[in-house]
Amino acid sequence: MKMMRAMPAPKKALFLAAAAAVLFVGTFLLSNFLRGADRGLLCSFSPLFSRPFPGGADVRGELALALIHYATTSQVPQQSRAEIQLTFDVLRRRAPCNFLVFGLGRDSRMWSALNAGGTTLFLEEDKEWYELVLKGSPSLRAHHIKYRTRLDEADKLLKGYRAEAECRPGRADGVAGLRRNGGCPLALVGLPDEVYEKEWDVVMIDAPKGYFPSAPGRMAAIYSAVVMGWGRRGEGQTDVFLHDVDRKVEKAFALEFLCQKNRVGATGRLWHFQIPPVNPNQTSSGTTQSTMTYLTYRLYHLLFWFLLHHFLLKKQELMLGLTFSNECISHDKGLHCDFAYLYNLFRYKLS
């Protein structure tokens, strides 16, 4: 066996100096974490580690338990890493907050831990699944609920809700108003009091089931999330995340109620919307005038597309006419969203 050559003195000194520096830095970082001081490196982990939490919540303890859970089980969250990251970025900015999640699953402990110090509430319609998840994670805050809708009625609900007086914008005033709006089949009524007693900052719609005819579908959850956002009294907007947008019903109800113009992010099968509140204090004449100007602009815009579409069909340019027809439909849906928002705004102005 060959003898190893001795390291030259200059290189040996440089190596020892580097090793000493690494040891010093490592000791410094470790001592910061062990002391739990809210300064230095910990301040960069905002807001999960550096914010004070109500009631002295053990934030790092909850995160550590979630880490141990996922490190020692073969179960993984249902959403992809990119989809989780999209929601995490919002929770990192808003936590601790009120986080309402439709559905219990393998990712529930993760969502609860990422909002440590806040209120994370899960709503689940499958009784057996509800009991199974809570058996493994009894610390989760969850309720078993029932829906009044069926997936095979989705088209009927989407086409007929405008004719239902109780479903019109403004009939249900925020989350508290939902419980009194049983006349609208899309409103979530009969839920536990805890749901109606809070304003929800972030809403995740990843349930109920929506892949067979008798399933409840997510129509009511989507509609109710919008009502919650419009009636918000606190600061800021309501962040709404909708999963499985590759499915027909989820996509159609998202475009109808959550509105394309409110979509601020998307990845994989997850869309992110920010729903602005209708502020009852906006009563200035300037706001009213600008609102009327915008509404007039949208009406003229729709009229322009209709006339152009009609002209092209007259000229027998059918394929091009159909293309413009699709664009007309898209503009019409945008107008529906705008009108719903403006209707709610004027309702406050006249009251």
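All figures in this text were calculated on a predicted structure; none of them were measured in a lab.

Undergrad: Help me understand the sheet that holds strand β2 (residues 119-124), please; the structure alone is not making it clear to me.
TA: Within a sheet, adjacent strands bond to each other through the backbone by hydrogen bonds, running parallel or antiparallel. Taken in spatial order, the seven strands of this open sheet run β3-β2-β1-β4-β5-β7-β6, and their pairing is mixed. A single partner strand is all that each edge strand has here, and the edge strands are β3 (142-144) and β6 (263-267). Averaged over neighbouring strand pairs, the angle between their axes works out to 15° when direction is ignored. Pairing geometry for strand β1 (residues 98-102) and β2, over five bridges, is parallel. The residue bridging Val 101 from the neighbouring strand is Phe 122, located in β2.

Undergrad: It is not clear to me how helix α10 (residues 248-258) should be interpreted in this structure. Could you clarify?
TA: Because each turn of an α-helix spans 3.6 residues, side chains separated by three or four positions end up pointing in the same direction. Among all positions of α10, only Val 249, Glu 250, Phe 253, Ala 254, Glu 256, Phe 257 and Leu 258 are buried. Looking one or two residues beyond α10, the residue adopting positive phi is Cys 259, at roughly 75°.

Undergrad: Is there a simple way to explain the packing of aromatic side chains in this structure?
TA: Scanning the model with the defined rule gives six aromatic pairs in all. Centre to centre, the rings of Tyr 211 and Phe 212 are 5.2 Å apart; their planes meet at 70°, and the pair counts as edge-to-face. Arranged with centres 6.1 Å apart and planes meeting at 70°, the rings of Trp 271 and Phe 273 form a pair that is edge-to-face. For Trp 271, a relative accessible area of 11% translates into the label buried. Members of the aromatic cluster, connected to one another through ring pairs, are Tyr 161, Tyr 223, Phe 253 and Phe 257.

Undergrad: Please clarify how the packing of helix α9 (residues 219-230) against α10 should be interpreted in this entry.
TA: Helix-helix packing is characterised by the crossing angle of the two axes and by the distance between the axes. Two numbers describe how α9 lies on α10: the axes approach to 10 Å, and their chain directions differ by 20°. Compared by their axis directions, α9 and α10 come out roughly parallel. α9 and α10 meet at a crossing whose hand is right-handed. Between α9, through Met 219, Ile 222, Tyr 223 and Val 226, and α10, the contact on the second element is made entirely by Val 249, Glu 250, Phe 253, Ala 254, Phe 257 and Leu 258. Residue composition of the contact of α9 with α10, by class: nine nonpolar, no polar and one charged.

Undergrad: What am I meant to see in the pairing of β6 here?
TA: As paired elements, β6 and strand β7 (residues 270-275) share four bridges and run antiparallel to each other. Considered in β7, the bridge of Thr 267 is made with Leu 270. Hairpin connection, β6 to β7: the antiparallel pair is bridged by two residues, and Gly 268 has positive phi, about 55°.

Undergrad: Just checking my understanding: could you explain the nonpolar core for this structure?
TA: Soluble, globular proteins show a tendency: their nonpolar side chains are buried together. Within the largest apolar cluster, 46 residues are counted, with the highest numbers of intra-cluster contacts made by Phe 102, Leu 186, Ile 205, Phe 253, Phe 257 and Leu 258. Residue contacts for Leu 258: discarding those within four places in its chain leaves Ile 222, Val 226, Val 240, Leu 242, Phe 253, Phe 273 and Ile 275. With 22 residues, the next largest nonpolar core counts Leu 104, Leu 134, Phe 241 and Leu 270 among its residues.

Undergrad: What am I meant to see in the confidence of the model for the protein chain here?
TA: For residues with low pLDDT, the predicted coordinates do not support detailed interpretation. Of the residues in the protein chain, 58% have a pLDDT of 70 or more, and the chain-wide mean is 76. The low-confidence segment residues 36-56 (pLDDT under 50) makes 40 contacts with residues lying over four places distant or belonging to another chain. Of the regions scoring below 50 in pLDDT, residues 346-351 engages in 13 contacts with residues more than four places distant in sequence or in other chains.

Undergrad: Sorry if this is basic, but what is going on with the pairing of strand β5 (residues 238-243) here?
TA: Along a regular strand, successive side chains alternate from one face of the sheet to the other. Burial analysis of β5 places six of its six residues in the buried class, the great majority of the element. Across the two faces of β5 the burial is the same, with Thr 238, Val 240 and Leu 242 and Asp 239, Phe 241 and His 243 all buried. Judged from the four bridges that link them, strand β4 (residues 202-205) and β5 form a sheet pairing that is parallel. The partner of Val 203 across the bridge, within β5, is Val 240. On the question of chirality, the crossover connecting β4 to the parallel β5 by way of α9 is right-handed. Sheet topology places β5 next to β7; six bridges connect them, and they run antiparallel. Bridging across to β7, Phe 241 finds its partner in His 272.

Undergrad: What is the right way to look at α9 in this model?
TA: Between the first and last C-alpha of α9 there are 17 Å, a value that for 12 residues agrees with the 16 Å anticipated at 1.5 Å per step. Burial within α9 is extensive, with 12 of its 12 residues counted as buried. Burial in α9 covers these residues: Met 219, Ala 220, Ala 221, Ile 222, Tyr 223, Ser 224, Ala 225, Val 226, Val 227, Met 228, Gly 229 and Trp 230.

Parameters at a glance
Residues numbered from 1 in each chain as written. Predicted model: local features only at pLDDT ≥ 70, side-chain atom pairs only at ≥ 80, totals over all residues. Heavy atoms only, no water. Pairing = 2+ DSSP bridges. Helix = DSSP H or I, 4+ residues; strand = E, 2+ residues; numbered from the N terminus. Axes fitted to C-alpha atoms, helices over the stretch in contact; angles between N-to-C directions. Buried < 20%, exposed > 50% of the residue type's maximum accessible area, 1.4 Å probe, protein only. Phe/Tyr/Trp six-rings, centres within 6.5 Å; stacked < 30°, edge-to-face > 60°. Parallel < 35°, antiparallel > 145°, perpendicular 65-115°, else oblique. Left-handed = near helix turned anticlockwise from the far one by under 90°. Contact = heavy atoms within 4.5 Å. Nonpolar A, V, L, I, M, F, W, Y, C, P; charged D, E, K, R; others polar. Core = buried A, V, L, I, M, F, W, Y, C linked by side-chain atoms within 4.5 Å. pLDDT = per-residue confidence, 0-100. Right-handed = clockwise from strand over helix to strand, strands pointing away. Expected span 1.5 Å × (residues − 1).

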